[in-house]
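Architecture at a glance
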Amino acid sequence: MNHPVSEKKYKFESSINTTFFIFIFLIYIIHLPILHFRNLKDVIKFQSESKVCEEVDVLTSFAANSHANDHLVVKLHPLDPNFKRWGRRIAKHSRHLHVESRVHFIDGGKLDEMIRLSAGVVVVNSTSGIQALQLDCPTKTLGDAIYNIPGLTHQNTLDSFWQSPCKAEPELVNAFIQ
């Protein structure tokens, strides 16, 4: 059975003619500095798929709240070695939620291009969120990101993000970056 979600590295197609969101999938964070988190408990909180799913189930939220024609591109973070074969796990969960034709797992690709074309970006706590803000793309953070402040990121629920993602105020983005 050929699924849109798989373990293969996909070349991102800029000719996508539908609305899509990006979820930057950073689970294997032990390679990153702990300084981005308030304490070790926050690091442990997002170190496993089960913990992320307990805290915020992005796929379930997307399935229940996005428009029927929207797609979700789940992008593996470049520092995640993919030992847990996330593509298969995401495919299984997507099938369970009946959104397998609208969820796409990729490992690689040009993030700037993807962000420019997307309707919004969901991150846990990643510099990709700052990149999205700089590219004027609505951003929803799930973790304790330093840039998760009113006027920069979507402050309402993840469920509401799929329907009406809030863009950042350009003057606040400029002030934050400088």
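Heads up: these notes are all about the structure in this document. Counting restarts for each chain: residues are numbered from 1 in the order of the written sequence. Totals for whole chains, interfaces and linings use all residues, but because this is a predicted model, local features are given only for residues with pLDDT of at least 70 and pairs of side-chain atoms are given and counted only at 80 or more. Side-chain measures were taken over the full set of non-hydrogen atoms in the model, leaving aside hydrogen atoms and water.

So, about the packing of helix α3 (residues 58-65) against helix α4 (residues 86-97). Contact geometry for α3 and α4: axes closest at 10 Å, N-to-C directions at 30°. If you check the angle between α3 and α4, you find them roughly parallel. In this structure, α3 meets α4 at a crossing whose hand is right-handed. Where α3 approaches α4, its residues Leu 59, Thr 60 and Ala 63 are matched on the opposing element by Ile 90, His 93, Ser 94 and Leu 97. Considering only residue class, the contact of α3 with α4 consists of 4 nonpolar, 3 polar and no charged. All axes are obtained by fitting lines to C-alpha atoms, using only the stretch in contact for helices, and the reported angles, taken between N-to-C directions, cover 0 to 180 degrees. Segments assigned H or I by DSSP are reported as helices when at least four residues long, segments assigned E as strands when at least two residues long, and all are numbered from the N terminus. Reported orientations rely on four angle classes, namely roughly parallel under 35 degrees, roughly antiparallel over 145, roughly perpendicular from 65 to 115, and oblique for the rest. If you view the pair so one helix is near and one far, a crossing is left-handed when the near helix is turned anticlockwise from the far one by less than a right angle, and right-handed when it is turned clockwise. In this analysis, two residues are considered to be in contact whenever any of their non-hydrogen atoms come within 4.5 Å of each other. Amino acids outside the nonpolar list (Ala, Val, Leu, Ile, Met, Phe, Trp, Tyr, Cys, Pro) and the charged list (Asp, Glu, Lys, Arg) are all regarded as polar, and Gly is one of them.

Turning to the packing of helix α6 (residues 127-134) against helix α8 (residues 170-177), a few remarks are in order. Where α6 meets α8, the closest approach of the two axes is 10 Å, and the angle between their N-to-C directions is 130°. Classified by the interaxial angle, the pair formed by α6 and α8 is oblique. Pair α6 / α8 crosses with left-handed handedness. Along the contact surface, α6 presents Ile 130, Leu 133 and Gln 134, while α8 presents Val 173, Phe 176 and Ile 177. Classifying every residue of the contact of α6 with α8 by side-chain character gives 5 nonpolar, 1 polar and no charged.

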